[in-house]
Amino acid sequence: MNHETLMAEALREAERGLYTAQPNPRVGCVLAKDGRVIARGFHRQTGQGHAEANALASAGNSAQGATAYVTLEPCSFVGRTPACAASLIKAGVKTVVYAMTDPHPGNRGRGLEMLVAAGIEVIGPVLEASAQRLNPGHVKRYATGLPYVRLKLAMSLDGKTALANGQSQWITGTAARQDVQRLRARSSAIVTGVDTVIADDPALTVRAADLGIEFAELAASIPRPIVVMDSNLRIPLTAKLLKLPQSRVACGSDRVATAPANLPVLGLERRADGRLDTHDLLVKLGAMDCNEVLFECGATLAGTLIQSGLLDEIVMYIAPRMMGQDARSLLNIPTIDTMDDLITLNMLDVRRVGQDLRLTIQPISSSVEDD
């Protein structure tokens, strides 16, 4: 087997931590001799063994002289676990093939330098784009300070999200709703708007029974901040979200002092139009080690996010249903007067989920920049 084939094996190992490794990156490691895999490992949960350590433990003395395929540059520093570069050196591996360098400021090439200094052959990057796609938030947060931002949308075939009377459950089918559970599970934080809370009173929790994945209970147990964008503190104190210890109500900094004593608030700057500054929110979430943030919100907040230039990806579910002309539309976006000002999107993926379609879309440009 060649380097690409064995690195693909390591990437499959890394995917096993997709829903549980946060806030750490998802990393996989394969040890091979003579083109044959002798051990595998992945990082399952923060505070536990890294991928390299788990693979080395599985290999034992057989690691001597082996080639290690790792999806992320081995760490060079000691944190809650030993430095993986040092562990590979101690185990006597002959070669390390890596997929991508680590953007973490404590690493950034230092792990590779340690290996080279110890006389280990280092090869890479190999399948770099695939490794980066597995950890978009880890890459973006250490490059910009901001998390990777997704927006989840669901609509009928005629572009509606709720009937005129507000009824909206359920537009999509069971398979699509389970798919949304997995989107939540891979996210470090979930953001919604106060209008959604008032209309639907959602819990926005991750339910293990609906995930259909390995380590579902662990994934559901990870505490994820749930943030309600509520500039003027209109949230009902009986909202389901407020029963969750990880929930926060983001309001204007000018309203923090007037908030009820038992309301967990997060003060944000306001934009020129009086709305909360989404960039300020994302900076704060990035500082909280949030790699991927999922917005599940109504037409107004979703429209603002799309126009802001802060959005990385849209996941849209389309149900084969019609809701009629008086039903509520998907997005509130100001009138666009010329074709040159259209918001342009790039279709990344289209697939069927149950009876519904799931579109994965990447914004290319927006007609309105964030304040």
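Placed above this text is the structure.
Notes on the structure in this doc start here.

Conventions and cut-offs
Residues numbered from 1 in each chain as written. Predicted model: local features only at pLDDT ≥ 70, side-chain atom pairs only at ≥ 80, totals over all residues. Heavy atoms only, no water. Helix = DSSP H or I, 4+ residues; strand = E, 2+ residues; numbered from the N terminus. Rg over C-alpha atoms; globule rule 2.2 N^0.38 Å. Buried < 20%, exposed > 50% of the residue type's maximum accessible area, 1.4 Å probe, protein only. Contact = heavy atoms within 4.5 Å. Areas by Shrake-Rupley, 256 points an atom, 1.4 Å probe, with all protein chains shown as cover. Salt bridge = Lys/Arg side-chain N within 4 Å of Asp/Glu carboxyl O. Arc of directions from axis to C-beta. Pairing = 2+ DSSP bridges. Core = buried A, V, L, I, M, F, W, Y, C linked by side-chain atoms within 4.5 Å. Patch = residues over 30% accessible without salt bridge, like charges linked within 9 Å, V, L, I, M, F, W, Y side chains within 5 Å. Polar contact = N/O pair within 3.5 Å; in protein donor to acceptor, adjacent residues only side chain to side chain. Axes fitted to C-alpha atoms, helices over the stretch in contact; angles between N-to-C directions. Phe/Tyr/Trp six-rings, centres within 6.5 Å; stacked < 30°, edge-to-face > 60°. Lys NZ or Arg CZ within 6 Å of the ring centre and 35° of its normal.

Once that is clear, we can look at the overall build of the chain. Check the secondary structure of the chain and you find 11 helices and 16 strands. Against the 2.2 N^0.38 benchmark of 21 Å for 371 residues, the chain shows a C-alpha radius of gyration of 23 Å, consistent with a compact globule. Overall, the chain is about 70 × 45 × 45 Å in size when its C-alpha atoms are taken along their principal axes. By the burial criterion, 50% of the 371 residues in the chain qualify as buried. Here the analysis covers contacts within the chain between residues at least 6 apart in sequence; of these, 70% occur between residues at least 24 apart. As displayed, the chain offers around 17,000 Å² of accessible surface, 50% of which is attributable to carbon and sulfur atoms.

What follows covers the pattern of salt bridges. Pairing between side chains becomes possible if they bear opposite charge and their charged atoms approach one another. Under the counting rule described, the total for this entry stands at 20 salt bridges. Where R16 meets E13, a salt bridge forms, and the shortest distance between an N and an O atom there is 3.7 Å. Residue R16 is classed as partly exposed on the basis of its relative accessible area of 31%. A salt bridge links D280 to K284; the nearest nitrogen and oxygen atoms lie 2.8 Å apart. Of this pair, D280 and K284 both sit in helix α10 (residues 278–287), 4 residues apart, which is roughly one turn of that helix.

With that settled, the discussion passes to helix α4 (residues 110–117). Taken together, the buried positions of α4 are occupied by G111, L112 and L115. For α4, the buried positions fall inside an angular range of 100° around the axis, keeping them on one side. Facing away from the buried surface of α4 by more than 90 degrees, the exposed residues are E113, V116 and A117. In this fold, the buried residues of α4 make contact with α3 (84–91), β4 (95–98) and β5 (121–123). Directly after α4, the chain includes G119, whose backbone phi takes a positive value near 85°.

On to the pairing of strand β2 (residues 36–42). Inspection of the sheet shows strand β1 (residues 28–33) paired to β2 by 6 bridges, in the antiparallel sense. Residue pairing for β2: K33 is matched across the bridge by R36. The antiparallel hairpin formed by β1 and β2 contains 2 residues in its connecting segment, where D34 sits at a positive phi of about 55°.

Turning our attention to the nonpolar core. If you look at the biggest cluster of nonpolar residues, it comprises 44 residues, and the most contacted ones within it are M7, L31, Y69, L88, V96, L115 and L211. The greatest single-element share of this core, amounting to 5 residues, is contributed by helix α1 (residues 3–15). Other than its neighbours up to four places away in sequence, V96 contacts A68, V70, P74, L88, L115, I120, E121, V122 and I123. Grouped together as the second largest cluster of nonpolar side chains are 33 residues, L151, C290, I343 and L359 included.

A few words now on a nonpolar patch on the surface. Judged by side-chain polarity, I336, M339 and L342 come together as a nonpolar surface patch covering roughly 290 Å² of accessible area. By the secondary structure assignment, M339 is in the loop between β14 (328–329) and β15 (344–353). Accessibility expressed as a relative area gives 64% for M339, which makes it exposed.

In this fold, R207 is placed in the loop between α8 (194–200) and α9 (216–221). Each C-alpha atom of the pair R207 and R182 lies 9.3 Å from the other, and the pair is 25 residues apart in sequence. Setting aside anything within four residues of it in sequence, one finds R207 in contact with Q181, R184 and A220. Among the polar contacts made by the side chain of R207, one reaches the side chain of D210 at a distance of 2.9 Å.

Now for the sheet that holds β1. Spatially, the 5 strands line up as an open sheet ordered β2-β1-β3-β4-β5, and their pairing is mixed. Every interior strand has two partners, whereas the edge strands, β2 and β5, have only one. Averaged over all adjacent pairs, the angle separating strand axes in this sheet is 20°, with direction ignored. Against the sheet, α1 makes contact with β1, β2, β3 (67–70), β4 and β5, and its axis sits at roughly 140° relative to β1, the strand it touches most. Its contacts with the sheet place helix α2 (residues 51–59) against β1, β2 and β3, and it is angled at close to 135° to β2.

Glancing now at the packing of aromatic side chains. Scanning the model with the defined rule gives 1 aromatic pair in all. Its guanidinium or amino end placed over the ring of Y142, R141 lies 4.8 Å from that ring's centre, counting from NZ or CZ.

This next bit is on the environment of A131. For A131, the location among the structural elements is in helix α5 (residues 128–134). Of the residues examined, A131 reaches a relative accessible area of 2% and is grouped as buried. For A131 and T101, which are 30 residues apart along the polypeptide, the C-alpha to C-alpha distance reads 9.8 Å. Those residues in contact with A131 that sit more than four places away from it in its chain are L11, T71, A99 and M100.

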